[in-house]
Amino acid sequence: MPPSPLTPRPFRAALPVLLLITSVFLLNFLSRVVLAPLMPAVRLELGISHAEAGSFFLIMAAGVSIGLLSNSFVSSRLTHRRTIALSALVTGVALIGASQVASLTVFKVLWALAGLGAGLYLPSGIATVTSLLEKKHWGKGLATHEMAPNGSFILAPILAELMLAVADWRTTLTFLGIAQVIIAFVFLRGCKAGAFPGAPIRRAIAGRILLRRSFWVMAVLFTLGVVASMGPYSMIPLYLVDMGWERTQANQLLAVSRILAFGMPFAAGWLVDRIGGKRTIGVYLVCASAATIFLGLAQGNWLTLAVLLQ
């Protein structure tokens, strides 16, 4: 008898399905970050201010947050497998819609919906990966899965420039939207993993977690980490263009800077082994703060170094 889709497997046996799940996550994250390298072209066409450009990223982040919080309710009714497909489908349809509308207000609503769809993915994605693999292979499986966001940071500027060379930013969103819709159906047809329901949030358990000081400390630290990564990434292309750079040069530098970041998790792991987790977080906070301040003050050739360091 063939193994049940709910039976954990060795890493090699699970790799084809794991790569399919990672591909869903790659498109998911690309959809979230691609507006950053597109923003100079978006701002030029729409004639929006820097503040309004920044609001797009806030809207996307708000949608993602709502999606994350909604996952337990959705997955408990649909199963994780169907939630992953729904995430890709909702994000894809919202991106296609956003690429077609002329109204800025409608665009923002659809952009928020794309964020909500993208946010639905992560809890179900992780649950599916860990159910797919034997426990001793979770590290390799999750590391493979996490290649998606790291790869997206590099691919987004490259994809944006390739698409802008032959079309416009709206076509880029359409392309990603169609890709999301296709992979939703490919995933449903080709992957049986994750065919179990999620656990809904229980008030008693949530209350105990929210009362723990350590939860809020880690939440604040994790928020700072995400802000230090996503915030500058989102606005660097627009900032560099305003500083006199060509858009193509700005996006090339953005992609190169994220290639350098690819190995930093391994460096962080090495540092944790030697000086401990708390001290490593302290080192991170000092370095990230200094690099971000340097980015704001740097001019000329120093600006290139500042982007790479940040």
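Residues numbered from 1 in each chain as written. Predicted model: local features only at pLDDT ≥ 70, side-chain atom pairs only at ≥ 80, totals over all residues. Heavy atoms only, no water.

K.L.:
Hey, could you run me through the overall build of the chain in this one?
P.N.:
A count of helices and strands for the chain gives 15 helices and zero strands. The globule rule puts the C-alpha radius of gyration for 310 residues at 19 Å, and the 20 Å found for the chain is close to it. Considered along the principal axes of its C-alpha atoms, the chain spans approximately 65 × 50 × 40 Å. Each of the 310 residues in the chain was classed as buried or not, and the buried ones make up 42%. Residue pairs in contact within the chain that sit at least 24 positions apart in sequence constitute 80% of those at least 6 positions apart. With an accessible surface of roughly 16,100 Å², the chain has 71% of that area assigned to carbon and sulfur atoms. Taken as two groups, the 24 positive and 9 negative side-chain charges of the chain have centres that lie 19 Å from each other. (Helix = DSSP H or I, 4+ residues; strand = E, 2+ residues; numbered from the N terminus. Rg over C-alpha atoms; globule rule 2.2 N^0.38 Å. Buried < 20%, exposed > 50% of the residue type's maximum accessible area, 1.4 Å probe, protein only. Contact = heavy atoms within 4.5 Å. Areas by Shrake-Rupley, 256 points an atom, 1.4 Å probe, with all protein chains shown as cover. Lys, Arg positive; Asp, Glu negative; His and termini not counted. Charge placed at Lys NZ, Arg CZ, Asp CG, Glu CD.)

K.L.:
Looking at this structure, how should I read helix α11 (residues 213-242)?
P.N.:
Note that an α-helix has 3.6 residues per turn; residues three or four places apart therefore point the same way. If you check α11, its first and last C-alpha atoms are 42 Å apart, about what 30 residues at 1.5 Å a residue would give, namely 44 Å. Along α11, the helix axis deviates most sharply at Ile-236, where the bend reaches about 45 degrees; the proline Pro-237 sits within four residues downstream. Of all the residues in α11, the buried ones are Ala-228, Pro-232, Tyr-233, Ser-234, Ile-236, Pro-237, Leu-238 and Leu-240. Gly-244 sits one or two positions beyond α11 and adopts a positive phi of about 105 degrees. (Expected span 1.5 Å × (residues − 1). Bend = angle between axes of the 7 residues up to and from the residue.)

K.L.:
Sorry if this is basic, but what is going on with the packing of aromatic side chains here?
P.N.:
Remark: the centre distance and the inter-plane angle together describe each pair of aromatic rings, the angle taken between the planes. Summed over all chains, the structure comprises nine aromatic pairs. Ring geometry for Phe-153 against Tyr-233: centres 4.8 Å apart, planes inclined by 65 degrees, an arrangement best described as edge-to-face. A residue pair is termed long-range when its members are at least 10 positions apart, and Phe-153 in helix α8 (residues 147-166) and Tyr-233 in helix α11 qualify at 80 residues. Grouping residues by exposure puts Phe-153 and Tyr-233 together as buried. Joined through ring pairs, the aromatic side chains of Phe-25, Phe-29, Tyr-121, Phe-153 and Tyr-233 make up one cluster. (Phe/Tyr/Trp six-rings, centres within 6.5 Å; stacked < 30°, edge-to-face > 60°.)

K.L.:
Help me understand the layout of surface pockets, please; the structure alone is not making it clear to me.
P.N.:
One simple way to see leftover space: roll a probe sized like a water molecule over the atoms. Considering only enclosed or pocket space, the second largest pocket measures out at about 160 Å³ in volume. Lining the second largest pocket we find Pro-40, Ala-41, Arg-43, Leu-44, Leu-238, Val-241, Asp-242 and Arg-247. Looking at the lining of the second largest pocket element by element, the count peaks at four residues for helix α2 (residues 35-46). (1 Å grid on protein atoms, 1.4 Å probe; cavity = no way out; pocket = protein on both sides within 12 Å on 5 of 7 lines; lining within 4 Å. Points joined across faces, edges and corners; volume = space filled by probe spheres on them.)

K.L.:
Quick question: what am I supposed to make of unusual backbone geometry here?
P.N.:
Backbone geometry follows two general trends: most residues other than glycine have a negative phi, and most peptide bonds adopt the trans configuration. Of note in this structure, Thr-79 is not a glycine but carries a positive phi near 80 degrees. Summarising the element assignment, Thr-79 is placed in the loop between α3 (50-78) and α4 (80-100).

K.L.:
Is there a simple way to think about the nonpolar core in this case?
P.N.:
Soluble globular proteins tend to bury their nonpolar side chains together. Ranked by internal contacts, the top residues of the largest apolar core, which has 69 residues, are Met-39 and Trp-111. The biggest single contributor to this core is helix α1 (residues 11-33), with twelve residues. (Core = buried A, V, L, I, M, F, W, Y, C linked by side-chain atoms within 4.5 Å.)

K.L.:
What is the right way to look at a nonpolar patch on the surface in this model?
P.N.:
On the surface, Ile-205, Ile-209, Leu-210, Phe-215 and Trp-216 cluster together to form a nonpolar patch covering roughly 450 Å² of accessible area. Within the residue set of the nonpolar patch, elements represented by two or more residues are α10 (203-210) and α11. Element by element, the count of residues in the nonpolar patch is highest for α10, at three residues. Locating Ile-209 in the fold gives a position in helix α10. Residue Ile-209 is classed as partly exposed on the basis of its relative accessible area of 40%. (Patch = residues over 30% accessible without salt bridge, like charges linked within 9 Å, V, L, I, M, F, W, Y side chains within 5 Å. Salt bridge = Lys/Arg side-chain N within 4 Å of Asp/Glu carboxyl O.)

K.L.:
Whenever I open this one, the packing of α3 against α11 confuses me. Can you help?
P.N.:
Geometry of a packed helix pair, given as the angle between the helix axes and the separation of the axes. Contact geometry of α3 with α11 gives a least axis separation of 10 Å together with a crossing angle of 160 degrees. Comparing the axis directions of α3 and α11 gives the class roughly antiparallel. α3 and α11 meet at a crossing whose hand is right-handed. Facing α3, whose interface residues are His-50, Ala-53, Gly-54 and Phe-57, α11 presents Ser-234, Met-235, Leu-238 and Asp-242. (Axes fitted to C-alpha atoms, helices over the stretch in contact; angles between N-to-C directions. Parallel < 35°, antiparallel > 145°, perpendicular 65-115°, else oblique. Left-handed = near helix turned anticlockwise from the far one by under 90°.)

K.L.:
Help me understand helix α7 (residues 138-145), please; the structure alone is not making it clear to me.
P.N.:
All buried positions along α7 are accounted for by Gly-141, Thr-144 and His-145. When α7 is viewed along its axis, its buried side chains cluster within an angular range of 100 degrees and face the same direction. Residues of α7 that are buried sit in contact with α1, α6 (121-132) and α8. (Arc of directions from axis to C-beta.)

K.L.:
It is not clear to me how the side chain of Thr-280 should be interpreted in this structure. Could you clarify?
P.N.:
Inspection of the secondary structure puts Thr-280 in helix α14 (residues 277-297). From its side chain, Thr-280 meets the backbone oxygen of Gly-276 in a polar contact 2.7 Å long. When residues no more than four places from it in sequence are discounted, the contact partners of Thr-280 are Ala-268, Leu-271, Val-272 and Ile-275. (Polar contact = N/O pair within 3.5 Å; in protein donor to acceptor, adjacent residues only side chain to side chain.)

Taken by themselves, the reported measurements are silent on function.
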